[in-house]
Amino acid sequence: MTDLTDPTDLAPRLQELLRRHGEPEVEVTDVRPISGGYSLLTYGFSATTPVGLRRYVLRVDPPTGASLTHTDRRAEWELLSGLTATGAVPMPAARAFDDGSVLGRPGLVLDFVDGPQLGAHAAAADGEERRRLAGQLAETLAAVHTVAPSAVPGLAAPPSWDDYVNGLIAAWRQLEADHAERNPFLRYVACWLETHKPPPAPLTLVHGEFQTGNVMIDAKGQMQVIDWEYAHIGDPRIDLGWCQNVAAFAPPDLIGLDPVGFCARYCDITGAPAEVVNPLTVGYFSILAGVKAFGALLGGIAAMARGENHLLTSAYLVSAEPFTHNLWMQGTRQLEAAMEALR
Amino acid sequence: MITRPTTAQLIDVVRRELAERVAPAVSDPQVATSLQMVDQILATLAVRAEHEVGWMTEEMAAIEAVGQQVADSGLPGAPAVADALAAFRAGRGAGRSTAEITGDYNAATEVLSRCVEATFAAGGDLRDIVTGLLDQRLAHETDVIGPGFQLVGRQ
């Protein structure tokens, strides 16, 4: 297979892909890598047709062994093309899919969002703008979580809320069992999650990796949610929790500006009761939600320890382990104290 | 063998060269991100080279003492702690190489994990003592990554 990291090689392949998806007269130019992310290769490119010029994004699988995780581009395409058809979720429209026969590896093409990441924008914003963004973020999350399940028929639902949460707690324990060395913090977290479960919530579509780095702000100021590879049916609070979890690594924490107000706005839109969605339950899910991303992180580190991968990203992410341990210890203590104060 | 300059000093020289001469010449954003990652890795290696064997040795002694307390506590999880403690003691090597100490440390960590599980529900002083061991480990881990660690992100 030709090396897809060469943009000059990608242009003719993208032209062919767009031709197969209804653009017979198209010229692809200006293919540029987009940095960031730890799993897929991402490129921006221009496509000129008789109608005019548009920018798109290509998300394509990396070479085998060059990524911390593997997710399925076809499943992502089926989800995103379905959501594009509904128009109910603020996200870049999905335009084309390739099973690898054109690009060499599976990939999909989406509209390019001409604007900054929410995280970068919020980091540079003043307090008033951040509060406005927090309200908009609550509305964006609510839009994702109120999608009709019939719009995403390809996503299997867990049998029950208990199965969903117990499965995630079991995943924490399994993570430790599978790792290259023993980790007492993982065992501590599993104990804590088991003994502090919140009231259940109805299962919905969840993004699965919702954070301000995966929200773009378009030219009209609208938020657009990207990178849906971990979408699934689950407890919607896992998206709020993960968003807050990541903000600890990459501030500012838009939910944490006014957690009570944020949850109230979210509840207003979704109809969720306050005893189900509140800062304490979001806090619980900020810890529970970490299992997938932390699992990917530890999986890469363990593979490196076994001599099975030599990824710089895995070596780098060893530094994220202590940072995460600290979040868990601080987070569980603060939540316990807050829960105790309410008793 | 040569011990001066220290490993940490040598790593510091490499970091300076990368930051002051290599990084300014890099225009590709993906390569620039890689350089940032390399710098963070090197920074952690410098601290580990200075301290990790000493820290592991100290921590193993503390875990062994607390593990014995939990094993003797009569808590439901105490027998599991006693088993791990026996395995740690039986498997402990006499060597002082990093590989041997790391192996011993891993067995001691299993003792600590079982102490966490044994004392979590019971609460009380013993749980506080065990949690104190976690805090001590975390303090060393935080020293390794340095203050203000943030993930290198999308640009």
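The model shown is predicted, which means the values in this text are computed figures rather than measured ones. (Residues numbered from 1 in each chain as written. Chains lettered and ligands numbered in written order. Predicted model: local features only at pLDDT ≥ 70, side-chain atom pairs only at ≥ 80, totals over all residues. Heavy atoms only, no water.)

Regarding the overall build of chain B
Short version of the rule: Runs of H or I in DSSP of at least four residues are treated as helices and runs of E of at least two as strands, each being numbered from the N terminus. Values of the radius of gyration come from C-alpha atoms, whereas the globule rule sets the reference at 2.2 Å times the count of residues to the power 0.38. Only protein chains enter the area calculation, which uses a 1.4 Å probe; residues under 20% of their type maximum are buried, those over 50% are exposed, and those in between are partly exposed. Residue contacts are counted whenever heavy atoms from the two residues lie within 4.5 Å of one another. All accessibility values rest on the Shrake-Rupley procedure with a 1.4 Å probe; residue burial counts only the protein chains present in the view.
Across its full length, chain B carries 5 helices and 0 strands. Scanning chain B from its N terminus toward the C terminus, one meets helices and strands in the order α-α-α-α-α. On C-alpha atoms alone, chain B measures out to a radius of gyration of 20 Å, which is more than a quarter above the 15 Å that the 2.2 N^0.38 rule sets for 155 residues. By principal-axis analysis of the C-alpha atoms, chain B measures approximately 65 × 40 × 20 Å. In chain B, which comprises 155 residues, the share counted as buried stands at 36%. The contacts in chain B between residues at least 6 apart in sequence include a share of 70% that link residues at least 24 apart. For chain B, the accessible surface area stands at approximately 8400 Å², while carbon and sulfur atoms represent 56% of it.

A look at the sheet that holds strand S3 (residues 52–60) of chain A
All names here are of chain A. Short version of the rule: One requirement defines pairing of two strands: DSSP has to find at least two bridges between them. Helix axes use the C-alpha atoms of the stretch in contact, all axes being lines fitted to C-alpha atoms, and the angles between their N-to-C directions lie in the range 0 to 180 degrees.
Spatially, S1-S2-S3-S5-S4 is the arrangement adopted by the 5 strands of the open sheet, whose pairing is antiparallel. Unpaired on one side and paired on the other, strand S1 (27–33) and strand S4 (94–98) mark the two borders of the sheet. Within this sheet the neighbouring strands show an average axis-to-axis angle of 25°, counted without direction. Relative to S3, strand S2 (residues 41–49) runs antiparallel, the two being bridged by 9 bridges. Looking across to S3, one finds that Thr-49 is bridged to Gly-52.

Some points on the interface of chain A and chain B
Let me state the cut-off plainly: The quantity reported as buried area is the accessible area (1.4 Å probe) lost by two parts once they are put together, taken as the sum for both. A side-chain nitrogen of Lys or Arg and a carboxyl oxygen of Asp or Glu constitute a salt bridge if their distance falls within 4 Å. Pairing of N or O atoms within 3.5 Å defines a polar contact, subject to two protein rules: one partner must be a possible hydrogen donor and the other a possible acceptor, and residues neighboring in sequence count only if both atoms are side-chain atoms.
Across the contact, 38 residues belong to chain A and 34 residues belong to chain B. Taken together, the two surfaces of chain A and chain B that pack against each other cover about 3300 Å², and 62% of this comes from carbon and sulfur. On the chain A side of the contact with chain B, Ser35(A), Arg187(A) and Tyr316(A) bury the most area, a combined 20% of that side's loss. Scanning the region where chain A abuts chain B turns up 6 salt bridges. The partner of Arg187(A) in a salt bridge is Glu117(B), with the nearest N and O atoms 2.6 Å apart. Counting the contacts that link chain A with chain B gives 7 residue pairs in polar contact (both at pLDDT 80 or more).

Describing the confidence of the model for chain B
Using the following cut-off: How sure the predictor is of each residue is captured by pLDDT, a score from 0 to 100.
For chain B, per-residue confidence averages 94 on the pLDDT scale, and 98% of positions sit at 70 or higher. Under the prediction, the complex receives an ipTM of 0.95, its pTM being 0.85.

Side note on helix H3 (residues 78–91) of chain B
Residues and elements named next belong to chain B. Stated precisely, the cut-off is as follows: Expected helix span is computed as 1.5 Å times (number of residues minus one). The directions from the helix axis to the C-beta atoms form the arc being described.
In a regular helix each residue adds 1.5 Å, so 14 residues correspond to 20 Å; H3 covers 20 Å between its end C-alpha atoms and thus fits that length. The complete set of buried residues in H3 reads Ala-78, Val-81, Ala-84, Leu-85 and Phe-88. All buried residues of H3 project into a common sector of 125° when viewed along the axis, lining one side. Seen from the buried face of H3, the exposed residues on the opposite side, beyond 90 degrees, are Asp-83, Ala-90 and Gly-91.

A closer look at the state of the cysteines
Rule in force here: Throughout, a disulfide means two cysteine sulfur atoms within 2.5 Å of one another.
Inspection of every chain in the model, using the stated rule, returns 0 disulfides over all chains. The closest cysteine sulfur to the non-disulfide-bonded Cys267(A) is located on Cys263(A), 6.4 Å from its own sulfur.

A few points about the packing of aromatic side chains
The line we're drawing: Pairing of aromatic side chains requires ring centres within 6.5 Å, counting the rings of Phe and Tyr and the six-membered ring of Trp. Pairs whose planes differ by under 30 degrees are stacked, by over 60 edge-to-face, and all others tilted. Charge-over-ring contacts are defined here by two conditions on Lys NZ or Arg CZ: a distance within 6 Å of the ring centre and an angle within 35 degrees of the ring normal.
This structure, assessed with the given rule, holds 10 aromatic pairs over all chains. A connected cluster of aromatic rings, assembled from ring pairs, spans Trp172(A), Phe294(A) and Trp328(A). Over the ring of Phe120(B) we find Arg127(B); its NZ or CZ atom is 4.3 Å from the centre of that ring.

Description of the environment of Gly74(B)
Checked against the element boundaries, Gly74(B) lands in the loop between helix H2 (29–71) and H3. The exposed category is assigned to Gly74(B), whose relative accessible area is 66%.

Details of the pattern of salt bridges
Per the counting criterion, the structure on display carries 32 salt bridges over all chains. Arg95(A) is paired through a salt bridge with Asp111(A); the nearest N and O atoms lie 2.7 Å apart. With Arg95(A) in strand S4 and Asp111(A) in strand S5 (residues 107–111), this residue pair connects regions lying 16 residues apart in the sequence. Given the relative accessible area of 35%, Arg95(A) is considered partly exposed. We classify Asp111(A) as buried; its relative accessible area is 13%. Each of Arg173(A), Glu176(A), Arg182(A), Arg187(A), Glu194(A), Glu110(B), Arg114(B) and Glu117(B) takes part in a single network of salt bridges with overlapping partners.

Here we look at the environment of Ala123(A)
All names here are of chain A. Mapping Ala-123 onto the fold places it in helix H3 (residues 118–124). The spatial distance from the C-alpha of Ala-123 to the C-alpha of Pro-251 is 6.9 Å, given a sequence separation of 128 residues. Other than its neighbours up to four places away in sequence, Ala-123 contacts Arg-130, Pro-251 and Pro-252.

Focus on the environment of Ala122(A)
All names here are of chain A. Tracing the backbone through its elements, the reader meets Ala-122 in helix H3. Along the primary structure Ala-122 and Ala-296 are separated by 174 residues, whereas in three dimensions their C-alpha atoms are 27 Å apart. When sequence neighbours within four positions are dropped, the list of residues in contact with Ala-122 reads Arg-130, Leu-133, Pro-252 and Leu-254.

Description of the nonpolar core
In a soluble, globular protein the nonpolar side chains are often hidden away together inside. Here is the rule we go by: Throughout, nonpolar core names a set of buried Ala, Val, Leu, Ile, Met, Phe, Trp, Tyr and Cys residues whose side chains join them through atoms within 4.5 Å.
Counting residues in each nonpolar core, the largest one holds 68 residues, and the members touching the most others are Trp172(A), Trp192(A), Leu193(A) and Leu288(A). Element by element, the count of residues in this core is highest for helix H4 (residues 98–120) of chain B, at 9 residues. In this structure Trp172(A) touches Leu186(A), Val189(A), Ala190(A), Leu193(A), Ile287(A), Leu288(A), Gly290(A), Val291(A) and Trp328(A), once residues within four positions along its chain are discounted.

A short note on the packing of helix H6 (residues 184–195) of chain A against helix H5 (residues 124–145) of chain B
Each pair of packed helices can be summarised by the angle the axes make with each other and by the distance between the axes. Heads up, the condition is: Note that the term roughly parallel is reserved for angles under 35 degrees, roughly antiparallel for angles over 145, roughly perpendicular for angles of 65 to 115, and oblique for everything else. Crossings are assigned a handedness: left-handed for a near helix turned anticlockwise from the far helix by less than a right angle, right-handed for a clockwise turn.
Running from N to C, H6(A) and H5(B) cross one another at 135°; their axes reach a closest spacing of 11 Å. Of the possible angle classes, the one that applies to H6(A) and H5(B) is oblique. For the element pair H6(A) and H5(B), the recorded crossing hand is left-handed. Each of Pro184(A), Phe185(A) and Tyr188(A) in H6(A) lies in contact with H5(B), whose residues at this interface are Arg127(B), Leu134(B), Arg137(B), Leu138(B) and Glu141(B).

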